[in-house]
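Descriptive analysis of the structure
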Amino acid sequence: MTEIKQQEQITEQGNPSKPEGIAGAEMLTRMNESHAGVTEWGLSHFEWQGNEQVRDIGCGGGATLHRMSAHIGSAGHLTGFDYSAVSVAESQLFNEADVKAGKMEVMAGSVENLPFADGTFDKITTVESFYFWPDPAQNLREVRRVLRAGGTFLLIADIYDHAGLSEQTVENIAKYKMFNPTLGEYQQLFEQAGFKAVSVHTQAGEDWVCVEGHK
């Protein structure tokens, strides 16, 4: 079996929408590496103060949390959130030092009903997870609810719907039932959810998108 076929098999068995089992853990480890470029680019749209309350929805293998932790000092805190038990465990392991130090917490739960008070977080992000949110329009309103006034939400993904997507990408979107809006649809979704000063960023030569919304 070729390396590509092996990776495809791991992805299918690991379940991208909700990672599970040994294959899910392997898939998350690979995604920590393969999503590094788009994650770093997307997070560059944050302006850091160092004392923020930060949340990562769909924290996966924990690499995004780890990357954001470098910008947060002792006065800040990070919360990872995922509805996959495997993702929660992998994120905790990847960020073991921060979790033990109390700088970070990783929790299980769904974006449908976030267990936080209104206006809890200064910054919220989600990387490569929006494809699988159960009710995107409603879930975005829930994200906005827990964002503080003046706070920023970044939605980061390595594809968006347009005519230039590869055949393999189109097949995977159908196979895994991924929600993949156009740039215009992203803008509309964020504005209808109540976000202000919405910006839809793209990167030349890539299919990457970072949607930035404020409260």
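Here goes a summary of the coordinates provided.

**Brief notes about the nonpolar core**
Counting residues in hydrophobic clusters, the biggest one holds 33 residues, and the most contacted among them are Leu140, Phe153 and Phe195. For this core, the secondary-structure elements that each account for two or more residues are β4 (121–127), α7 (136–146), β5 (147–157), α9 (183–192) and β7 (209–214). With 4 residues, the single largest contributor to this core is β5. Excluding anything up to four places from it in sequence, phenylalanine 195 contacts Leu140, Val143, Arg144, Leu147, Phe153, Phe190, Gly213 and His214. Core analysis: the second largest hydrophobic core is formed by 18 residues, Val38, Leu65, Val88 and Trp208 among them.

**Regarding the pattern of salt bridges**
Scanning the entire structure with this criterion turns up 6 salt bridges. For glutamate 142, the salt bridge identified is with arginine 145, shortest N-O distance 3.0 Å. On the criterion of helical spacing, the pair formed by glutamate 142 and arginine 145 is a turn pair, its members being 3 residues apart in helix α7. By sharing partners, the salt bridges in this structure join Asp118, Glu142 and Arg145 into a single network.

**Describing the environment of phenylalanine 116**
Mapped onto the elements, phenylalanine 116 comes out in the loop between β3 (104–108) and β4. Of the residues examined, phenylalanine 116 reaches a relative accessible area of 15% and is grouped as buried. Taking the C-alpha atoms as reference points, phenylalanine 116 and arginine 145, separated by 29 residues in sequence, lie 9.1 Å from one another. For phenylalanine 116, the contacting residues outside a window of four places in its chain are Arg55, Thr79, Phe81, Met107, Phe121, Arg145 and Val146.

**Re the state of the cysteines**
Disulfides are covalent bonds that connect the sulfur atoms of two cysteines. For the structure shown, the criterion picks out 0 disulfides. Unpaired in this structure, cysteine 59 has its nearest cysteine sulfur neighbour in cysteine 210, at a distance of 18 Å. For cysteine 210, a relative accessible area of 0% gives the class buried.

**Considerations on unusual backbone geometry**
Positive phi, normally seen in glycine, also occurs at glutamate 128, with a value near 60°. Looking at glutamate 128, the relative accessible area reads 14%, which means it is buried. Residue lysine 177 is not a glycine yet carries a positive backbone phi of 55°. Residue placement: lysine 177 occurs in the loop between α8 (167–175) and α9.

**Remarks on the sheet that holds β4**
The strand order across the open sheet built from 7 strands is β3-β2-β1-β4-β5-β7-β6, with neighbouring strands paired in mixed fashion. Of all strands in the sheet, those with a lone pairing partner are β3 and β6 (196–202), marking the two edges. Direction aside, the axes of adjacent strands within the sheet are offset by 15° on average. Taken strand by strand, helix α3 (residues 36–43) contacts β4, β5, β6 and β7, and its axis lies near 150° from that of β5.

**Remarks on the environment of glutamate 105**
Tracing the chain through its elements places glutamate 105 in strand β3. When the C-alpha atoms of glutamate 105 and valine 146 are compared, they prove to be 17 Å apart, with 41 residues separating the residues in sequence. Sequence-distant contacts of glutamate 105, defined by excluding residues within four places in its chain, comprise His77, Leu78, Thr79 and Gly80.

**Details of the pairing of β6**
As paired strands, β6 and β7 are joined by 5 bridges and run antiparallel to one another. In the sheet register, threonine 202 faces β7, and the bridge partner there is valine 209. Between β6 and the antiparallel strand that follows it, β7, lie 6 residues; glycine 205 among them carries a positive phi value of about 85°.

Reading the values: rules and limits
Residues numbered from 1 in each chain as written. Predicted model: local features only at pLDDT ≥ 70, side-chain atom pairs only at ≥ 80, totals over all residues. Heavy atoms only, no water. Core = buried A, V, L, I, M, F, W, Y, C linked by side-chain atoms within 4.5 Å. Buried < 20%, exposed > 50% of the residue type's maximum accessible area, 1.4 Å probe, protein only. Helix = DSSP H or I, 4+ residues; strand = E, 2+ residues; numbered from the N terminus. Contact = heavy atoms within 4.5 Å. Salt bridge = Lys/Arg side-chain N within 4 Å of Asp/Glu carboxyl O. Disulfide = S-S within 2.5 Å. Pairing = 2+ DSSP bridges. Axes fitted to C-alpha atoms, helices over the stretch in contact; angles between N-to-C directions.

This is a description of form; function is not addressed.
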